[in-house]
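Notes for the structure review
What follows is each chain in one-letter form.
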Amino acid sequence: MKRLLFIIEVSLLTLLVISTLVPEVTYARPGGGHSYNSTKKKSSPSSTNTYSTNNASSEKESSYWDDVEVDKNRDVSGVDLPDWIGYAIFGLIVLVLVWVGINSVIEKIREKGLVSVPSKEDINENMVNMAANLRRIKSVDPNFSGTLFFDFVSSVFTKFYALHEKKEFKNLSPYLTTEEIIKHKKRKTKKEYEKIVIGNMNIKTVYPSTTLISVDIEANYTVLQRGKTTRYDVVERWSFKRNPNLLSPVPEKMRELACPQCGASLGFTDTGTCESCGTLVKNGEMQWYVSSRNKLHQQVFETSGLAHYEKEKGTRLSTIYHPDNENQLKQFADNHNINTDAWLAKFDNKVVHEYFTKIYDAWSVNKLDKVRHLLSDRLFDSYMFWIAAYKAEGLTNKLDELKIKKVKLAKIELDKFYESVTVRVFASCKDYVMDNRGKVIGGSDRKNRKFSEYWTFIRRTGVKTDAYDYGTCPNCGATADKMGQSGTCEYCNTKISNGDFSWVLAVVTQDEVYKG
Ligand SMILES: [Zn+2]
Ligand SMILES: [Zn+2]
């Protein structure tokens, strides 16, 4: 028995020594490995929306080692086991070590980008079907724009909660079923919703024959009820439907939920008649409406998880490439009369690298005013929510020595109103959470953490500007120091954050949840 214990100890010691040589992957960066977590949550710029089911694996590991300690100290009076059991265990451990070693070599090769050419398997069948279905919608409605559709969904969702049990709720009548409006009128929960922030939206299904698109919306909001305030993280699935032969309204009308006929902003009767022009906007006859809503997940948001780090989960996953990339890139090059390779290199260097560093540098000091014009409204709101949460706890999430390793083009999507480019950025940094006395309370300020994220940039179709002096307004050239909350330049009184003058970063998705 003693010999057996000795062999186990030697083996574990070897394992411990070797494991320190294997590249570390355990801590989590705010933009990174965390996600929703069933108990604790750590969130960051981008992680407002990811989900995780397994809890901190490092905690499990440490308790495992503790158990071994305890066993060693216990008075083992005992049964002598045959030697071969010891050798078998030793052999097993050697096998495990060899396996770990091979895997780390494979990992190294992957990181060097040697295995990064998209294969057929990388292009998921689901995505191919989804892309084909969206093409069918676009073939009937050339005004359809994914970017604007998400803006519309986000407006309906936000107003739905903001106007909850308020008399203005009736203004949503063109976009909700009559049953929903009636049910809502009778509701007396005395709930108020505040600070509604959408983290992420994913198209779940597209049915072109009935023109139905369902979207998973990851969001958080504060509920006030009977003097009590609770903040929730939620995932809701909303389905949008409309007449198949419609032409989508122009961007201004899509975003603002204006009357599809006269453009007046939100003023409708219970039954959907515009108070300005008298047009009856029946469900789905002129615009999308919500045909069903389901709450898939809800949990109370707790700031106690802000300094909690988890293992990065998606860094090793293969990049998800959109099946239409080649065609769309060619189309893009034709539209702009450019050389694809030269443009990609420029976009990588002058846009992705610049935005990535500038935005995360701003994040690291809890101040986004210098990059307001580089962010879409929704992303800005979401980042501001997290920054407020960090500040309220006296914390800052630092991302030091940020380095981009490589950038891969994952998706390019062109429509009548917008161009959208999604890249996967592989990077590393020292990612940690610091309290206001400068003490590191989560993550590590010494070890590099590797991660990857999908960044989606949008720009209005027809705009040529790729890169400009990012310290200035891309419209008037004045210093970009007065962009306010709404991304509107005070010098030229023009909204910049819609991508009307250059690229804005619209969405950041964690690698483990990116679906294409
Ligand atoms: Zn009207
Ligand atoms: Zn300006």
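Structure report, in brief.

Secondary structure assignment for the protein chain yields ten helices and 13 strands. The long-range fraction of contacts in the protein chain, counting pairs at least 24 apart against all pairs at least 6 apart in sequence, stands at 72%.

On the secondary structure map, S420 appears in strand 8 (residues 418-435). Judged by relative accessible area, which is 7%, S420 ranks as buried. In this structure S420 touches T147, K411, I412, E413, T456, F457 and I458, once residues within four positions along its chain are discounted.

Taken together, C473 (SG), C476 (SG), C489 (SG) and C492 (SG) make up the full set of protein donors to the zinc ion (ligand 2), lying 2.3 Å away. Note that the zinc ion (ligand 2) binds four donor atoms; their angles at the metal cover 103 to 114 degrees, and the shape is tetrahedral. For the zinc ion (ligand 2), the single-chain donor residues occur in sequence as C-x2-C-x12-C-x2-C. Placement of C473 in the loop between strand 10 (449-460) and strand 11 (488-489) and of C492 in the loop between strand 11 and strand 12 (494-495) is noted, with a sequence separation of 19 residues between them. For C492, a relative accessible area of 22% puts it in the partly exposed group.

The next thing to look at is the coordination of the zinc ion (ligand 1). All of the protein donors around the zinc ion (ligand 1) are C259 (SG), C262 (SG), C274 (SG) and C277 (SG); their distances to the metal are 2.3 Å. Geometry at the zinc ion (ligand 1) is tetrahedral, judged from its four donor atoms and the angles of 106 to 114 degrees they form at the metal. Taken in sequence order, the residues that donate to the zinc ion (ligand 1) follow the motif C-x2-C-x11-C-x2-C. Of this pair, C262 sits in the loop between helix 7 (251-256) and strand 6 (289-300) while C274 sits in the loop between helix 7 and strand 6, and the two are twelve residues apart along the sequence. Taking relative accessible area as the criterion, C274 reaches 3% and is therefore assigned buried.

Before going further, it helps to examine the pairing of strand 10. Along strand 10, ten of the twelve residues are buried, which leaves the element largely enclosed by surrounding structure. Where strand 10 lies against strand 13 (residues 504-510), six bridges are found, and the strand directions are antiparallel. Residue pairing across strands places T456 opposite V507, the latter belonging to strand 13.

Turning our eyes to something else, we now look at the packing of helix 8 (residues 325-336) against helix 9 (residues 340-363). Viewed as axis vectors pointing N to C, helix 8 and helix 9 meet at an angle of 95 degrees, and their least axial separation amounts to 10 Å. Comparing their axes, helix 9 and helix 8 come out roughly perpendicular. Packed against helix 8, whose contacting residues are L329, F332 and A333, the element helix 9 presents T340, W343 and L344 at the interface. Residues belonging to the contact of helix 8 with helix 9 are distributed by class as follows: five nonpolar, one polar and no charged.

Turning next to the nonpolar core. Y355, V423, W455 and F457 are the most contacted members of the largest nonpolar core, which has 51 residues in total. Secondary structure elements with two or more residues in this core: helix 8, helix 9, helix 10 (377-392), strand 7 (395-414), strand 8, strand 10 and strand 13. No other element matches helix 9, which puts ten residues into this core. The residues touching F457, leaving out its near neighbours within four places in the chain, are F347, V351, V352, Y355, E419, S420, V421, V423, W503, V504, L505 and A506. Core analysis: the second largest hydrophobic core is formed by 46 residues, I181, A219, Y221 and L266 among them.

Tracing the sequence through the fold places V250 in the loop between strand 5 (228-241) and helix 7. Residues V250 and F417, spaced 167 residues apart in sequence, show a C-alpha to C-alpha distance of 8.4 Å.

Quick look at the pattern of salt bridges now. Once the charged atoms of two side chains with opposite charge are near each other, the side chains can pair. Overall, the coordinates contain 25 salt bridges when judged by the stated rule. Across the pair R237 and D216 runs a salt bridge whose closest N-O atoms are separated by 2.6 Å. Pair noted here: R237 is in strand 5 and D216 is in strand 4 (residues 212-225), with a separation of 21 residues, a long-range link. For R237, a relative accessible area of 26% translates into the label partly exposed. Across the salt bridge formed by E401 and K430, the nearest N and O atoms sit 2.8 Å from each other. Remark: K430 occurs in strand 8 and E401 occurs in strand 7; sequence separation between them is 29 residues. For K430, a relative accessible area of 10% translates into the label buried. When salt bridges with common partners are traced through the structure, they connect K346, E419, R459 and D466 into a single cluster.

A cluster of nonpolar side chains, namely F90, V94 and V98, defines an oily patch on the protein surface of about 230 Å² accessible area. Relative to the helices and strands, V98 is located in helix 3 (residues 83-111). Accessibility expressed as a relative area gives 47% for V98, which makes it partly exposed.

It is worth spelling out helix 9 at this point. Spanning 24 residues, helix 9 covers 32 Å between terminal C-alpha atoms, matching the ideal 34 Å at 1.5 Å per step. Its side-chain oxygen at 3.0 Å from the backbone nitrogen of D341, N339 defines the N-terminal cap of helix 9.

We now examine the packing of aromatic side chains. A complete count under the given rule lists 35 aromatic pairs for this structure. With a centroid separation of 5.1 Å and an interplanar angle of 80 degrees, the aromatic rings of F160 and Y161 are classed as edge-to-face. Taken individually, F160 and Y161 each receive the classification buried, so the pair is uniform in this respect. Taken together, a centroid distance of 5.1 Å and an interplanar angle of 85 degrees make the contact between Y193 and Y221 edge-to-face. Residue Y193 is located in strand 3 (residues 192-207), and its partner Y221 is located in strand 4; the two are separated by 28 residues in the primary sequence. Just as Y193 is buried, Y221 falls in that class too. A cation sits over an aromatic face here: R293 above W238, 5.7 Å from the ring centre.

About the criteria used
- Going along each chain's sequence as written, the residues are numbered from 1 onward.
- Chains and ligands are labelled by the order in which they are written, letters from A for the one and numbers from 1 for the other.
- Given that this is a predicted model, residues contribute local features only at a pLDDT of at least 70 and side-chain atom pairs are listed and counted only at 80 or more, while totals for whole chains, interfaces and linings are drawn from all residues.
- No hydrogens and no water enter the side-chain calculation; it runs on all heavy atoms of the structure.
- Numbering of helices and strands runs from the N terminus, with a helix taken as a DSSP run of H or I at least four residues long and a strand as a DSSP run of E at least two residues long.
- In this description, contact between two residues means that some pair of their heavy atoms is separated by no more than 4.5 Å.
- Relative accessibility under 20% of the residue-type maximum defines a buried residue, over 50% an exposed one, and the middle range a partly exposed one, all with a 1.4 Å probe and only protein chains included.
- The donor set comprises N, O and S atoms within 2.8 Å of the metal, extended to 3.2 Å for Na, K and Ca; water molecules are omitted, so apparent gaps in a site may simply reflect that omission.
- Think of it this way: with four donors and all angles in the 85 to 135 degree range, the site is tetrahedral; with four or six donors, opposite ones beyond 155 degrees and the rest between 65 and 115, it is square planar or octahedral; otherwise it is irregular.
- Only strands that DSSP links by at least two bridges are regarded as paired with each other.
- Interaxial angle, 0 to 180 degrees, is taken between N-to-C directions of lines fitted to C-alpha atoms, where a helix line uses only the stretch in contact.
- Small angles under 35 degrees read as roughly parallel and large ones over 145 as roughly antiparallel, with 65 to 115 read as roughly perpendicular and the rest as oblique.
- Residues were grouped as follows: Ala, Val, Leu, Ile, Met, Phe, Trp, Tyr, Cys and Pro as nonpolar; Asp, Glu, Lys and Arg as charged; and all remaining residues, including Gly, as polar.
- Buried Ala, Val, Leu, Ile, Met, Phe, Trp, Tyr and Cys residues that are joined via side-chain atoms within 4.5 Å together make up what is termed a nonpolar core.
- Salt bridge, as applied in this entry: a Lys or Arg side-chain nitrogen positioned within 4 Å of an Asp or Glu carboxyl oxygen.
- Within the patch definition used here, like charges are joined within 9 Å and nonpolar side chains (Val, Leu, Ile, Met, Phe, Trp, Tyr) within 5 Å, considering only residues with over 30% relative accessible area and no salt bridge.
- Using a 1.4 Å probe, the Shrake-Rupley method yields the accessible areas, and only the shown protein chains count as cover for residues.
- Each residue after the first adds 1.5 Å to the expected span of a helix.
- Pairs of N or O atoms within 3.5 Å make up the polar contacts considered here, provided that, within protein, one atom can donate a hydrogen while the other can accept it, and that residues adjacent in sequence are counted only when both atoms are side-chain atoms.
- Put simply, two rings from Phe, Tyr or Trp (the six-membered ring, in Trp's case) pair if the centres are within 6.5 Å, and we call them stacked under 30 degrees between planes, edge-to-face over 60, tilted for the rest.
- Only when the NZ of Lys or the CZ of Arg is both within 6 Å of the ring centre and within 35 degrees of the ring normal is a charge said to sit over the ring.

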